[in-house]
Number of protein chains: 2
Amino acid sequence: MASEEPYQNPTNPEDQPQNEEGSAKKLSKKEAAKLERLRKRQEAAAAAVAANISSMAIDDTDPLAENYGDTPLDDLKSKEISGRKWTEVKALNEDLKDQVALIRGRVQAIRAVGKKMAFVVLRERGFTVQCILTVTPDVVSAQMVKFATSLSRESIVDIEGVITVPATTIKGATQQVEVQVKKIYCVNKAIPALPINIDDAARSEEEIENALKAGEQLVRVNQDTRLNFRVLDIRTPANQGIFRIQCQVENIFRQFLLSEGFVGIHTPKLIAGSSEGGSAVFKLDYKGQPACLAQSPQLHKQMAICGDFGRVFEIGPVFRAEDSFTHRHLCEFTGLDVEMEIKEHYSEVMDVVDRLFVTMFDSLNDTCQKELEAINEQYRFKPLKYLRKTLRLTFEEGIQMLREVGVEIDPLGDLNTESERKLGQLVLEKYDTEFYILHRYPLAVRPFYTMPCYDNPLYSNSFDVFIRGEEIISGAQRVHVPEYLLERAQACGIDVKTISTYIDSFRYGAPPHGGFGVGLERVVMLFCALNNIRKSSLFPRDPQRIAP
Amino acid sequence: MASEEPYQNPTNPEDQPQNEEGSAKKLSKKEAAKLERLRKRQEAAAAAVAANISSMAIDDTDPLAENYGDTPLDDLKSKEISGRKWTEVKALNEDLKDQVALIRGRVQAIRAVGKKMAFVVLRERGFTVQCILTVTPDVVSAQMVKFATSLSRESIVDIEGVITVPATTIKGATQQVEVQVKKIYCVNKAIPALPINIDDAARSEEEIENALKAGEQLVRVNQDTRLNFRVLDIRTPANQGIFRIQCQVENIFRQFLLSEGFVGIHTPKLIAGSSEGGSAVFKLDYKGQPACLAQSPQLHKQMAICGDFGRVFEIGPVFRAEDSFTHRHLCEFTGLDVEMEIKEHYSEVMDVVDRLFVTMFDSLNDTCQKELEAINEQYRFKPLKYLRKTLRLTFEEGIQMLREVGVEIDPLGDLNTESERKLGQLVLEKYDTEFYILHRYPLAVRPFYTMPCYDNPLYSNSFDVFIRGEEIISGAQRVHVPEYLLERAQACGIDVKTISTYIDSFRYGAPPHGGFGVGLERVVMLFCALNNIRKSSLFPRDPQRIAP
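This one's a predicted model, so the numbers in the text were calculated from it and none came from an experiment. (Residues numbered from 1 in each chain as written. Chains lettered and ligands numbered in written order. Predicted model: local features only at pLDDT ≥ 70, side-chain atom pairs only at ≥ 80, totals over all residues. Heavy atoms only, no water.)

Caption draft 1: Looking closely at the overall build of chain A. Counting its regular elements, chain A contains 16 helices and 17 strands. Within the span of chain A, comprising 548 residues, buried residues form 60% of the whole. A sequence separation of at least 24 residues applies to 70% of the contacts in chain A between residues at least 6 apart. Split by element, the accessible area of chain A, about 21,500 Å² in all, is 51% carbon and sulfur. (Helix = DSSP H or I, 4+ residues; strand = E, 2+ residues; numbered from the N terminus. Buried < 20%, exposed > 50% of the residue type's maximum accessible area, 1.4 Å probe, protein only. Contact = heavy atoms within 4.5 Å. Areas by Shrake-Rupley, 256 points an atom, 1.4 Å probe, with all protein chains shown as cover.)

Right, here's the structure in full:
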C-alpha cells in the first residue's frame with residue numbers, strides 16, 4: 001500500500017546496476033554484446049565437445065573400456081527397463097558401507113592426483129558425495145581415470161561404486177561417505193565454458209570480503225548475470241533451499257485454510273476492463289475485444305463469496321505493469337488470496353491472518369531447517385521474531401509512535417517505505433516482534449471496495465501486515481451493498497461501466513465479507529531477509545526482464 | 001492431442017446455442033438487448049426495495065419491533081464484536097434440540113400460512129433448514145410474520161431460534177430439524193426479480209422431461225444464461241459440489257506429488273516468443289517488447305529440471321487463443337503440470353500418472369460422497385470404471401483394435417475425437433476400464449521436444465491418457481541433448497531464435513527427463529461425466545466469452 005521510491009542498498013554491490021534506470025539500460029546493451037560473444041564461444045565449445053565425445057567414446061586399446069565412456073544417445077531413448085536400483089546422493093550414508101550403489105548426478109568438481117587417481121565430487125539436488133577413481137587391475141584403467149578427469153563440470157554422469165567410510169571428516173561434500181568408483185558413464189555433457197561457475201554463484205558476500213582482506217580476489221556473480229543464466233544459478237544450495245521453502249509456504253497456506261473450511265478456487269486472469277482500476281495493467285486483444293490481465297483476483301474472489309462459497313482462497317499469478325524499479329516489485333508474481341464471509345467484524349479476517357502466519361512461521365522453522373541453513377550459508381540472516389499472538393496496532397497508534405520520535409507524517413495519508421521501516425524498528429524495540437498488523441487505515445488511501453469505519457468515515461475497516469518493516473499483506477472488510485459500492489466506486493473515480501458485472505453480483509444478495517492478499521515471493525524474501533525479490537522468484541519478470 | 005471438430009450433443013438442449021458460431025452470434029445480440037432490459041428492471045426493482053426497506057424497518061406500532069427488521073448498514077461496518085456464537089446450517093441436528101441457535105443464510109423459499117404463520121427455508125453453502133414463524137405473545141407479532149413473508153428470495157438474513165425435531169421427515173431441506181424463529185433480521189436484500197431462480201437452475205433435465213410428460217412446462221435455464229449470471233448459478237448444490245471436487249482434485253494432485261519428492265514451482269506466464277510455437281497465442285506488449293501468454297509451462301518446467309529440482313509440478317493458468325467451439329476447449333484453464341528426471345524409461349513417468357490418478361479417483365470416491373451425490377442429483381452419471389493398475393496399450397495396439405472393427409485410420413497420424421471415443425468403447429468392452437494410457441504415439445503428431453523411440457524414429461516415447469473416451473493427459477520423454485533438440489525444433493519448423501534461452505538451458509548439462517500435463521477442468525468434467533467443460537470452470541473463458 002505504501003508509495004515506493006527506488007531502493008538502494010549501499011552495502012550490497014549486487015544491487016547497484018539495476019536500481020538506476022539509466023545505468024541499467026546502458027548495461028543491458030553491453031550485456032547483450034557480451035551475451036552474444038559468450039554464445040558464440042559456447043557454440044564453438046559445444047562443437048569441440050561433441051567432436052571430442054565421439055573420439056573418446058571408443059577406446060579399442062583398453063580391455064576395461066566398457067566400464068566407462070559416454071552413454072550413447074540411443075541408450076537414453078527409453079531403450080530398456082533394467083530394474084537396477086538407483087540410490088539418491090542424499091541417501092548415501094554409513095549404513096550402506098561396503099555395498100554397491102548406482103547413482104546419477106552432476107560433476108561438481110574434479111581433481112586428478114597424478115595419472116592413477118582422481119576425485120570427482122558428484123552433486124544431486126544440492127547434496128554432494130566424493131567419488132574416488134584409483135587405477136586397479138581388472139577394474140579401473142589409467143584411461144578410465146583420464147576419461148573422468150576430462151569430464152566438464154556440471155555434466156550428468158552415472159557412477160557405480162562401493163561405499164566406504166573414511167576415518168576423517170569430508171569437508172568438500174555433504175555426505176560423510178565415499179564412493180570407490182567401478183564404473184563411470186557420461187550421460188550428458190555440459191559445455192566446458194560455463195557462463196557461471198556454481199562455486200562462484202554459491203559464495204557468500206562475507207567470504208568474498210574476507211578473501212579480499214587476505215589479498216585474494218574471488219569472483220562475484222552479480223544479480224543480472226545470475227538471472228541471465230538462471231538455470232545454472234538455481235543449482236546453488238541457497239537457491240535450492242529458497243524454492244523448497246517457497247513450496248512449503250504455499251503448502252502451509254493451503255493446508256491451514258483447507259482445515260478451516262476454505263475452498264481453493266481459480267478465477268480468470270483474462271478479464272474485460274481492469275481488475276482494480278488504475279493504469280498499470282497489461283492490455284491485450286481478446287478475439288477482437290479489449291481485455292487485460294488481472295492485477296489481482298479481487299473482484300472474482302468476491303464474486304465467489306456472492307456465489308455461496310463462504311470462504312475461498314486462490315493461489316495464482318497476478319500481473320502489474322507498473323514501472324517499479326525497486327528491490328520488492330515484480331511485474332508478475334504469485335498471489336495468495338483469501339476472501340471470507342464475516343459475521344460481525346473485520347477482526348475475524350485478522351484472526352485468520354494471525355493464526356495462518358504463526359502456523360506458517362512455526363512450520364518453516366520446524367520442517368525446513370536444512371533449507372534455512374543452506375540459505376543462511378550464503379545470505380546470512382537472523383530468524384524472524386514473532387509473537388504467539390500477533391500484535392495489532394491501529395494506524396493512529398502507529399502515527400503516534402512515529403510522531404513521538406519526530407517523524408512528520410500526514411495522519412490521513414499513507415505511510416511511505418521509509419516510515420514503514422521506521423515504524424518496524426519502533427515496534428521491534430517496544431514489542432519485540434518483526435511481524436505485526438496495522439489496522440484502521442485512512443479510507444482515502446484504500447481501494448474503492450473497502451468498507452469505511454462505522455464511527456468515522458475518514459478511516460476504513462482495513463489493515464496491512466508487516467514483516468521486518470516491509471508491507472506484506474493488505475486486507476479489509478469489503479462493501480457488500482450494491483448501491484453503496486457504486487457510490488464508493490464513483491467517488492473514487494472508477495469508470496463503473498467496466499465493473500458492472502462485479503457490482504451486479506451484489507444485487508442478488510451478498511453477505512458481509514472481507515479478505516486479504518499476500519505475495520508469495522515477498523513472504524519468502526522477508527522470512528529469509530533476502531535483499532531482493534528477484535531472489536525468491538524462479539524466473540523473475542520486471543520492467544526490463546522477460547527472459548529467460 | 002487429437003484434432004477437433006465442433007461437438008454437438010443432439011440430446012442436450014443446453015448445448016445447442018453455443019455450438020454453431022452463426023446462431024451464437026445472433027443470440028448474443030438478442031441476449032444483449034434482453035440483458036439491458038433486465039438490468040433496467042433490476043434497477044427499478046432495487047430502488048423500490050430500498051424505498052420499501054426504509055418504510056418497513058420502523059414500525060412504532062409494534063412493541064415487538066426489535067425482534068425483526070433490516071439491520072442498519074452502520075451495524076454491519078464492524079461496529080462491535082459481540083462474542084455471540086454462530087451455528088452453521090450444516091451443523092444443525094438433533095443434538096441441538098431445544099437449544100437456541102444463531103444462524104445466517106439466504107432465504108431460499110418463503111411460504112405464508114394465513115397471517116399468523118410462515119415457513120422460511122434458509123440456505124447456507126448448499127445446506128438448507130426449515131424455519132418457522134408462528135405468532136406468539138411477547139415473541140412473534142403478526143407484523144414480524146409479514147416482514148418475513150415480504151423478504152425477497154436470496155436475501156441474506158440472521159435468524160435466532162429454538163431447534164425442534166419434527167415427527168416426520170422434512171422433504172424441502174437438507175437438515176432434519178426445524179428452527180422456531182424468535183428473531184429475524186435482513187442483512188442484505190436481493191432484488192426481487194432475479195435473472196435466474198435457483199430452483200430452476202438446480203433442476204435436472206430428467207425432472208423437466210418428466211414434468212413435460214405430465215403436461216407441466218418447467219423453466220429450463222440454458223448454459224449461456226447460467227454463465228451470464230454465474231454468481232447465481234454457482235449457488236446450486238451441483239455447482240457447489242463441482243467446485244469443491246475441483247479443489248479436492250488439486251489437493252490430491254499436490255499431496256501425492258509432494259509425498260513422492262516433487263517440488264511445487266511457479267513459472268512465468270508472460271514470456272517472449274511463444275511457448276510451444278504455433279499461432280494460437282495471446283500476444284501483448286511488454287514494456288515495448290513483444291510478448292505472449294504461456295500456452296503451457298512446458299519450457300520453464302523443463303528448465304527447472306535443468307536447474308536441479310529433480311521433480312517438479314506446477315498448478316497455474318494456461319492460455320490458448322484457439323478458436324475452438326467445442327464442449328471441451330477453453331481459452332484459459334488450469335494446467336496441472338509435472339516434469340521429472342527419469343533414469344531409464346518414460347514408463348517411470350507413466351508409473352507416476354498411474355499411481356497419482358488411481359489415488360485421486362479412490363480419494364474422490366471416498367471423501368467427496370456428498371458432493372458427488374449433489375452433482376448426480378442434477379447431472380446423472382455412473383461412477384468411473386478404473387483398474388487398480390492402469391491399462392497401458394501402445395498406439396499400434398489401439399490402431400489394431402480400431403481396424404478390427406472396421407475403422408479406417410492412418411497408422412502414423414493422430415486419432416480424431418471420434419476414433420478416441422470409439423477406442424474408449426472398445427477398451428471398456430474388452431478391459432472393463434474407462435481410464436487407460438495409450439503410448440508410443442507417432443513422432444509426427446507430437447511436439448518438437450518429444451524424444452523419438454530408440455528402435456523406430458517414426459514413433460516417440462510419448463503417451464496420452466483417456467477418461468471416458470476423451471483425452472485428458474499428454475506426456476512424454478523429452479529430448480535432453482541440446483544439439484538434438486535444435487535439430488528436432490528445426491525439423492518441426494520452429495523459429496529457434498524465439499526459444500534460444502530454452503535450448504541454451506540444455507547446454508549446461510541436462511538429465512534425461514519427462515513429464516505430462518493435465519487440465520484440471522477436464523479431470524473434473526470427465527470424472528463426473530459432465531457434458532461441457534464450462535460446467536467445471538468457475539468463470540469460463542471461450543472465444544466469445546470474457547465476462548463475468
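Caption draft 2: How the structure looks around the packing of aromatic side chains. On inspection of all chains with the given rule, the structure shows 28 aromatic pairs over all chains. When the centroid spacing of 6.2 Å and the interplanar angle of 85° are considered together, the rings of phenylalanine 243 of chain A and phenylalanine 309 of chain B count as edge-to-face. Residue phenylalanine 243 of chain A is found in helix H8 (residues 237-259), and its partner phenylalanine 309 of chain B is found in the loop between helix H9 (298-306) and strand E11 (311-319); the two belong to separate chains. Its relative accessible area of 1% is what places phenylalanine 243 of chain A among the buried residues. (Phe/Tyr/Trp six-rings, centres within 6.5 Å; stacked < 30°, edge-to-face > 60°.)

Caption draft 3: How the structure looks around the domain arrangement of chain A. Residue and element names in this part refer to chain A. Each assigned domain of chain A is listed here: domain 1 (65-188), domain 2 (196-233) and domain 3 (237-536). Here the C-alpha centre of domain 2 lies 27 Å away from the C-alpha centre of domain 1. With four residues of domain 1 at the contact, the number on the domain 2 side is four residues. Summed over both partners, the interface of domain 1 with domain 2 comes to about 280 Å²; 42% of that surface belongs to carbon and sulfur atoms. (Domains from an automatic or database assignment. Buried area = accessible area lost by both parts, 1.4 Å probe.)

Caption draft 4: Looking closely at the side chain of histidine 345 of chain B. Of note, histidine 345 of chain B is situated in the loop between strand E12 (332-341) and helix H10 (347-367). Assessed through its relative accessible area of 13%, histidine 345 of chain B is described here as buried. Only 2.9 Å separates the side chain of histidine 345 of chain B from the backbone nitrogen of serine 347 of chain B, close enough to count as a polar contact. Discounting residues that sit within four places of it in the chain, histidine 345 of chain B has contacts with Ser78, Glu80 and Ile81 of chain A. (Polar contact = N/O pair within 3.5 Å; in protein donor to acceptor, adjacent residues only side chain to side chain.)

Caption draft 5: The relation of the copies chain A and chain B, seen in detail. It takes a turn of 180° to lay chain A on chain B, together with a shift of 0.0 Å along the axis; the resulting RMSD is 0.0 Å. Look at the turn and shift together and you get a two-fold axis relating the two. It is leucine 284 of chain A whose C-alpha, among those of chain A, lies nearest the rotation axis, at 2.6 Å. A shared interface surface links the copies, since 100% of the contact residues of chain A are contact residues in chain B too. (Least-squares fit on C-alpha atoms with pLDDT ≥ 70 in both.)

Caption draft 6: How the structure looks around the environment of glutamine 130 of chain A. Residue and element names in this part refer to chain A. Structurally, glutamine 130 can be placed in strand E4 (residues 127-134). Residue glutamine 130 is classed as buried on the basis of its relative accessible area of 15%. In this structure, the C-alpha to C-alpha distance between glutamine 130 and valine 177, residues 47 residues apart in sequence, is 7.4 Å. In this structure, glutamine 130 is in contact with Phe119, Val120, Val121, Ala173, Val177, Glu178 and Val179, ignoring residues within four places of it in sequence.

Caption draft 7: Inspection of helix H14 (residues 482-491) of chain A at higher detail. Residues of H14 of chain A that are buried include every one of Pro482, Tyr484, Leu485, Arg488 and Ala489 of chain A, and no others. The buried residues of H14 of chain A occupy an angular sector of 160° when the element is viewed end-on, so they sit on one face. Tucked into the core, H14 of chain A has its buried residues touching helix H15 (500-504) of chain A together with strand E6 (178-188) of chain B. Glycine 493 of chain A sits one or two positions beyond H14 of chain A and adopts a positive phi of about 75°. (Arc of directions from axis to C-beta.)

Caption draft 8: Focus on the interface of chain A and chain B. With 120 residues of chain A at the interface, the matching set in chain B holds 121 residues. The three residues of chain A that bury the most area against chain B are Glu344, Tyr508 and Ile546 of chain A, which together make up 8% of that side's buried surface. Connecting chain A to chain B are 12 salt bridges. The salt bridge partner of arginine 123 of chain B is aspartate 308 of chain A, with a shortest N-O separation of 2.8 Å. Here chain A and chain B share 67 residue pairs in polar contact (both at pLDDT 80 or more) between them. By residue number, the principal contributor to the side of chain A that touches chain B is H8 of chain A, which donates 11 residues. (Salt bridge = Lys/Arg side-chain N within 4 Å of Asp/Glu carboxyl O.)

Caption draft 9: Layout of the side chain of serine 474 of chain B. All names here are of chain B. With respect to the helices, strands and loops of the structure, serine 474 is situated in strand E16 (residues 470-477). Assessed through its relative accessible area of 16%, serine 474 is described here as buried. Within polar-contact distance, the side chain of serine 474 engages the side chain of aspartate 464 at 2.8 Å.

Caption draft 10: Structural detail: the pairing of strand E15 (residues 462-467) of chain A. Residues and elements named next belong to chain A. With six of its six residues buried, E15 lies for the most part within the structure. Because side chains alternate across E15, one face comprises the buried residues Ser462, Asp464 and Phe466, and the other comprises Phe463, Val465 and Ile467, equally buried. Alignment of strand E14 (residues 435-439) against E15, held across five bridges, turns out to be antiparallel. In the sheet register, tyrosine 436 faces E15, and the bridge partner there is phenylalanine 466. Relative to strand E16 (residues 470-477), E15 runs antiparallel, the two being bridged by six bridges. When the bridges of E16 are listed, isoleucine 467 appears paired with glutamate 470. Linkage of E15 to E16, two consecutive antiparallel strands, is achieved through a turn of two residues, within which arginine 468 is found at a positive phi near 45°. (Pairing = 2+ DSSP bridges.)

Caption draft 11: How the structure looks around the environment of alanine 167 of chain A. Within the secondary structure layout, alanine 167 of chain A lies in the loop between strand E5 (156-164) and strand E6 (178-188). For the pair alanine 167 of chain A and valine 177 of chain A, spaced 10 residues apart in the sequence, the C-alpha separation amounts to 9.7 Å.

Caption draft 12: Main features of the nonpolar core. With 93 residues, the main nonpolar core has Phe357, Phe463 and Phe516 of chain A together with Tyr502 of chain B as its most contacted residues. Formed by 91 residues, the second largest nonpolar core is a distinct cluster that contains Val338, Leu372, Ile437 and Val523 of chain B. (Core = buried A, V, L, I, M, F, W, Y, C linked by side-chain atoms within 4.5 Å.)

Caption draft 13: Just the sheet that holds strand E12 (residues 332-341) of chain A, in detail. All names here are of chain A. One open sheet accounts for eight strands, arranged E7-E11-E12-E17-E16-E15-E14-E13; its pairing is mixed. The open sheet has two free edges, formed respectively by strand E7 (263-264) and strand E13 (391-394), since each of these has just one partner strand. Packed on one face of the sheet, helix H9 (residues 298-306) meets strand E11 (311-319), E12 and strand E17 (513-519) and runs near 25° to E12. (Axes fitted to C-alpha atoms, helices over the stretch in contact; angles between N-to-C directions.)

Caption draft 14: Up close: the pairing of E6 of chain A. Residues and elements named next belong to chain A. Counting buried positions along E6 yields eight of 11 residues, so the element is predominantly enclosed. The pairing of strand E1 (residues 68-70) with E6 spans three bridges and is parallel. Bridged to tyrosine 68 within E6 is isoleucine 184. As defined by bridge partners, E4 adjoins E6 across three bridges and the pair is classed as parallel. Bridge pairing links glutamine 130 to glutamate 178 in E6.

Caption draft 15: Structural context of the sheet that holds strand E17 (residues 513-519) of chain B. Residues and elements named next belong to chain B. If you walk across this open sheet you meet the eight strands as E7-E11-E12-E17-E16-E15-E14-E13, and the pairing is mixed. A strand with exactly one partner marks an edge of an open sheet, and here the two such strands are strand E7 (263-264) and strand E13 (391-394). Examined bridge by bridge, E7 and E11 share two bridges and lie parallel to one another. Among the inter-strand pairings, valine 263 is bridged to a residue of E11, identified as valine 312.

Caption draft 16: A look at unusual backbone geometry. All names here are of chain A. Following alanine 547, the chain continues into proline 548 via a peptide bond in cis, with omega recorded as 0°. The phi angle at arginine 125 is positive, at roughly 45°, despite the residue not being glycine. Taking the relative accessible area as the measure of exposure, arginine 125 reaches 18% and is therefore buried. Of note in this structure, arginine 440 is not a glycine but carries a positive phi near 65°. Along the chain, arginine 440 falls in the loop between E14 and E15.

Caption draft 17: Looking closely at the confidence of the model for chain A. Residues and elements named next belong to chain A. Residues at a pLDDT of 70 or more form 88% of chain A, whose mean pLDDT is 90. When the criterion is pLDDT under 50, residues 1-27 qualifies, and its contacts beyond four places in sequence or with other chains add up to 63 contacts. This model gives residues 51-58 a pLDDT under 50, and the stretch forms five contacts once residues within four places in sequence are excluded. For this predicted complex, the interface confidence score (ipTM) comes to 0.90, while the overall pTM stands at 0.90. (pLDDT = per-residue confidence, 0-100.)

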